[in-house]
Amino acid sequence: MCPPSESTVTDSAAARQPVGEPPGDSGRSGKQQRPAKGPAPALAPLEFARWAWRQLTSMRTALILLFLLAVAAIPGSLIPQTRVDPSAVLTFEQQHPTLAPVFDRLGMFGVYSSIWFSAIYLLLMASLLGCIVPRLRVYLRNVRQRPPKAPRHLSRLSAYETWETSASRTVEAERVERLLSGQRRRIAIYPGDGETVVSAEKGYLREAGNLLFHCAVVVVLVGVAFTGLFGFKGGVAVITGQGFSDTLTQFDDFTPGARFSADNLPPFSFRVQDFHVAYQRGGQAAGMPLTFSADLLVRDQPDSSPYRYDLSVNHPLNVDGVSVFLVGHGYAPVVTVRDGTGHVAFSGPVIFLPQDGTFTSFGVVKVPDASPAQLGFQGYFFPTGALSSSGRPYSAFPGPDNPVLTLVGYRGDLGLDTGLAQSVYVLDKSGMTPLRSSSGQPKALLLRVGQTQQLPDGAGSIRFDGVQTFVKLQVNKQPAKIVPLVGVLAAIVGLLGSLFVRPRRTWVRLRDRDGRTVVEVAALDRVTGGDPAAHVAEVSKALRPKEQQR
Amino acid sequence: MTETFAHLSNNAVISATVVFVLAMVAHMLEWAAARQVRSADRDVAVDRVMVGASEVEPGAIPDRAAWTLTEGHGRGGAVDRRLGDGGDVVGTASDEPDDDELERTDRFGRIGFALTVLGVLLLAVGVACRGLAAHRVPWASMYEFSITGCLTASAAYLFLVRRYSVRWLGLFVTAFVVVVLAIADLVLYRPVEPLVPALHSYWLYIHVSAAAIAGGAYTVGALASVLFLLRSRAETRAAADPEQPRTGFLWRVPSAQAIDRVAYRVHAFAFPLWTFAVLCGAIWAQYAWGRFWGWDPKEVWAFITWVAYAAYLHARATVGWQGKAAAYVALLGYSTFLFNFIGINLFGSGLHTYAGV
Ligand code: HEM
């Protein structure tokens, strides 16, 4: 149980003793100290509050909450999460039309921000704080106190030795004191009637480490929450040769923290000069990317002089607290569309989103300027086009060895004027009809680099000019990320202290008997894992008279 | 060069597997031989805790058998330590067991241990060559997790034998390694492959070595916990029925309490290391993917493992949760660890794409 008071501290220390071992110096056993199981029938509100608080901050509650936290984390690893992979959530919703709404209601697609997950860790937080504060008080008091008196019957301790010596009690007491002091032990001497007890204690750093660890957990969580509140995260795809400037309108997606203000965006900009990628050729791992990196030309301020930056996977760009990461890449086929009147209605690269490891990519070309009617295309890009035995095109390799574009064209109204925001990756076909070949089927256009295809019904033509690449960048700001980092370091240091320091009490009782002195040595570890018997043996070896040495 | 190292690695791993099989057989014979041997501590009340070193005369051990299983390979000074750790095993022997049988039991144990050392050396060569062939840490596929995990687990065992004389874990450790290596060789094997770019970072080296060592220690900790549960069951039964003969291997390993202590020490070693590994992973994820923590399935399960072992450490300090309950929590923690490396690799998705089979 978490000790809200001194008595329970010794209680949990006693509870920690190996089963069957005599209780600690307090002489109380854990059982007697166990708090009442349920609330007594008639508790006044204040008493009830106090009882509830004690329950919340008890060790058993902490244990249960830790279990709950672990269990609650599981669904998020098995069910797709909106924040991790939105498209997987969409797929899941299509595949499980009855289950998905239930899951949605339960927050299963956003487990780690759901009410129940938050409730568990907030309770744990409360329990933790309620645990730390009183323990800190107790610890500070303990540190100032003298090592405790010896239990009445030292011989009951498992680590115990006794012998007689002819040396006088005072002389012997001085030897004991000399032997036990030092080695980071604290000593107290309790003189009594015909006896002297030397108490020694060490290992105070264990509790200090434990407290440091638990405090550090709080610091980490608060730091992470702060970072989330004041930071932001945005994504953008930039075609090689094009630029990006750090303003809201330029992002494809943007998730600000609750307290983030767009004025905080530093006004940097950059151009993606070039993009390099190499793939493994041959072998089982053919097609695996070996390296990729982008050459950026960066300006920290609109009027500052530009510099080059090599952006690669483990090498983000940092400007004024904002970091830019290279998180992906893909192809942007360059097409030129002429409308029915022969005018160039569109020309340029279009981003196609990679669908798999060989970069089969899906994309949409919108041509609002075509006349008499608007044109739209959707289809696939294959960097290394090949035909399967069933005649379906696929990509055999992620590198652009044999670029092929397959498209279906549409004519009509692109729906851009409705005022509703529209994704550039989706073609709204509600106002459009497919361009059909003479057989009446939608006409499949297959293009290689340099090829032009005429569209049916004199709608115009489309030409596949070439292939460019784009990079997917993640831009984010995590203010004060040093706080969780420091917390994490403190946690590890505290943990090491907490696990590897072994508090141990040693007692030596010297009693007069018939002109001789009876020496009793005993030691008690406050945690399991130590070897108090060996320590007692060591002490006894140093103290015993020569002839009694074993 | 790559080809040579890859070849060397494959041969070394297969040889190590064979040697571990032999080591396991030797330890099985040790158990079989021990079935006949009566426990030396028959007269020691089971519920009596820890015989202090004071009660045992190191020079005058009446019963060598009681040693052999707790003993490592004799090292000066090991005696005192052993007394402290497995003290109660060396109880006061009443009836002398048959000397020949003891001799045999011990010999099998020694052979098993020697073979284990050889197996670990071979496996170390195999893992190192795999890394040299691929120019990276051997941790990019389930095959590589398996061989590296076996290496750290068996090396952790060797270390513990030196430190705490835990040769009684020999059968468990070798059996585990044999099963995993056999699966690795027969099912999971993949030729050497390079690393995806996200993995090019020195954080990977730190993260992976910490996780691999922590995993090895968790493995040994879990095996010790299993043995602890078996032994405490035997002790409970014996306490209920004092007349029951105390023969067999379970009576030749240290007391439940001493095993528990070893299990705790191993876990206490592994937990901070695992904490460190998870945190290095977070820092590396920041460089690679632009966020510390994204609740990717691998991250979720690393977190679950962490919480489960934190619960284990709490359980040990909670009234009513010590002993068996805590051991079950430790085993739960280990199963979440395994799930992360088996379940998530097989079924999961996410950014940890290298987590392929
Ligand atoms: C975020 C939640 C928590 C985590 C991750 C955590 C983690 C840990 C760890 C790893 C230890 C082991 C260190 C040791 O054995 O000394 C520990 C010990 C301890 N924790 Fe927590 N803890 C948490 C919450 C709490 C709470 C809420 C309480 C109070 C009820 C608490 C009370 C204790 C105590 C008293 C110990 C010392 C046990 C001993 O001396 O063996 N912890 N904790």
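From a predicted model like this one, the values you see are computed outputs, not experimental measurements.

Draft legend 1. How the structure looks around the overall build of chain B. What chain B contains, in helices and strands, is 11 helices and zero strands. Secondary structure elements in chain B, listed N-terminal to C-terminal, are α-α-α-α-α-α-α-α-α-α-α. For chain B, the residues scored as buried account for 62% of the 357 residues in total. In chain B, of all internal contacts separated by at least 6 residues, the share reaching a separation of at least 24 is 82%. Here chain B displays about 13,300 Å² of accessible surface, and carbon together with sulfur accounts for 65% of that area.

Draft legend 2. Expanded view of the pattern of salt bridges. All names here are of chain A. Scanning the model with the defined rule gives 20 salt bridges over all chains in all. D295 is the partner of R308 in a salt bridge, and the nearest nitrogen-oxygen pair spans 3.1 Å. You can see R308 sitting in strand β9 (residues 307-312) and its partner D295 sitting in strand β8 (residues 289-299), a full 13 residues away along the chain. Judged by relative accessible area, R308 falls into the exposed class, the value being 57%. Its relative accessible area of 14% is what places D295 among the buried residues.

Draft legend 3. Region of the structure containing the site of the ligand. Around the ligand, the surrounding shell holds 25 residues, and the nearest of these are C131, N210, H214 and S498 of chain A together with H314 of chain B. More than one chain approaches the ligand, the contributing ones being chains A and B. One of the side-chain N or O atoms of N210 of chain A is found 2.9 Å from an oxygen atom in the ligand. Within the contact set of the ligand, a nitrogen atom lies 2.4 Å away from a side-chain nitrogen or oxygen of H314 of chain B. Among the elements of the structure, α4 (59-73), α8 (115-144), α10 (204-230) and α11 (482-500) of chain A together with α9 (297-315) of chain B are those that each provide at least two residues to the shell around the ligand. Residues belonging to the shell around the ligand are distributed by class as follows: 15 nonpolar, seven polar and three charged.

Draft legend 4. View of the coordination of the iron atom of the ligand. Protein-derived ligands of the iron atom of the ligand are H214 of chain A (NE2) and H314 of chain B (NE2), with the metal-ligand distances lying across 1.9 to 2.0 Å. One can describe the donor arrangement at the iron atom of the ligand as octahedral, given that its six donor atoms subtend angles of 72 to 179° at the metal. Separated into two different chains, H214 of chain A in helix α10 and H314 of chain B in helix α9 make up a pair that spans both. Each member of the pair, H214 of chain A as well as H314 of chain B, is classed as buried.

Draft legend 5. Region of interest: α4 of chain A. Counted at 1.5 Å a residue, the expected span for α4 of chain A with its 15 residues is 21 Å, and the 21 Å between its end C-alpha atoms agrees. Among all positions in α4 of chain A, only M59, T61, A62, L63, L65, L66, L69, A70, A72 and A73 of chain A are buried. Of the surrounding secondary structure, the elements contacted by the buried residues of α4 of chain A are α3 (45-56), α5 (75-78) and α8 of chain A together with α9 of chain B.

Draft legend 6. The arrangement of the packing of helix α7 (residues 202-240) of chain B against helix α8 (residues 256-289) of chain B in detail. Residues and elements named next belong to chain B. Where α7 meets α8, the axes come as close as 7 Å, and the angle between the chain directions of the two elements is 155°. The orientation of α7 relative to α8 falls into the category roughly antiparallel. As for the relative orientation of α7 and α8, their crossing is left-handed in sense. Among the residues forming the contact of α7 with α8, the class breakdown is 29 nonpolar, six polar and three charged.

Draft legend 7. Geometry of the side chain of T17 of chain B. Residues and elements named next belong to chain B. The residue T17 is located in helix α1 (residues 2-34) in this model. In this structure T17 comes out as buried when scored by relative accessible area, which is 9%. From its side chain, T17 meets the backbone oxygen of V13 in a polar contact 2.7 Å long. When sequence neighbours within four positions are dropped, the list of residues in contact with T17 reads L181, A182 and D185.

Draft legend 8. How the structure looks around the confidence of the model for chain B. All names here are of chain B. Of the residues in chain B, 75% reach a pLDDT of 70 or more, and the chain-wide mean stands at 77. Per-element confidence in chain B is highest for helix α10 (residues 324-341), whose mean pLDDT is 93, and lowest for helix α2 (residues 64-70), whose mean pLDDT is 30. Scored below 50 in pLDDT, residues 40-96 shows 108 contacts in the model against residues more than four places distant or in partner chains. This stretch, residues 350-357, has a pLDDT under 50; its non-local contacts, to residues over four places away or in other chains, come to 24 contacts. As scored by the predictor, the complex reaches a pTM of 0.77 and an ipTM of 0.78.

Draft legend 9. Fine view of the side chain of E172 of chain A. Looking at the element boundaries, E172 of chain A is found in helix α9 (residues 169-180). Judged by its relative accessible area of 0%, E172 of chain A falls in the buried class.

Draft legend 10. Inspection of the sheet that holds strand β3 (residues 195-202) of chain A at higher detail. Residue and element names in this part refer to chain A. With antiparallel pairing, five strands are arranged side by side in an open sheet as β1-β24-β23-β3-β2. If you trace the sheet from one side to the other, it starts and ends with β1 (159-165) and β2 (186-191), each paired once. Neighbour-to-neighbour, the strand axes of the sheet open up by a mean angle of 15°, direction not taken into account. When β1 meets strand β24 (residues 516-525), the two strands line up antiparallel, connected through seven bridges. By the bridge assignment for β24, E161 is matched with V521.

Draft legend 11. Region of the structure containing the pairing of strand β14 (residues 361-367) of chain A. Residue and element names in this part refer to chain A. Among the seven residues that make up β14, six are buried, leaving the element largely enclosed by the rest of the structure. Relative to β14, strand β13 (residues 353-354) runs antiparallel, the two being bridged by two bridges. Opposite P354, over in β14, you have S361 as the bridge partner. As consecutive antiparallel partners, β13 and β14 are separated by six residues, and within that stretch F359 has a phi angle of approximately 65°, a positive value. With seven bridges connecting them, β14 and strand β15 (residues 374-382) associate as antiparallel partners. Bridging from a neighbouring strand, F362 pairs with Y380 of β15.

Analysis parameters
- Residues numbered from 1 in each chain as written.
- Chains lettered and ligands numbered in written order.
- Predicted model: local features only at pLDDT ≥ 70, side-chain atom pairs only at ≥ 80, totals over all residues.
- Heavy atoms only, no water.
- Helix = DSSP H or I, 4+ residues; strand = E, 2+ residues; numbered from the N terminus.
- Buried < 20%, exposed > 50% of the residue type's maximum accessible area, 1.4 Å probe, protein only.
- Contact = heavy atoms within 4.5 Å.
- Areas by Shrake-Rupley, 256 points an atom, 1.4 Å probe, with all protein chains shown as cover.
- Salt bridge = Lys/Arg side-chain N within 4 Å of Asp/Glu carboxyl O.
- Near = heavy atom within 4 Å.
- Polar contact = N/O pair within 3.5 Å; in protein donor to acceptor, adjacent residues only side chain to side chain.
- Nonpolar A, V, L, I, M, F, W, Y, C, P; charged D, E, K, R; others polar.
- Donors = N, O, S within 2.8 Å, 3.2 Å for Na, K, Ca; no water.
- Tetrahedral: all angles 85-135°; square planar, octahedral: opposite > 155°, others 65-115°.
- Expected span 1.5 Å × (residues − 1).
- Axes fitted to C-alpha atoms, helices over the stretch in contact; angles between N-to-C directions.
- Parallel < 35°, antiparallel > 145°, perpendicular 65-115°, else oblique.
- Left-handed = near helix turned anticlockwise from the far one by under 90°.
- pLDDT = per-residue confidence, 0-100.
- Pairing = 2+ DSSP bridges.

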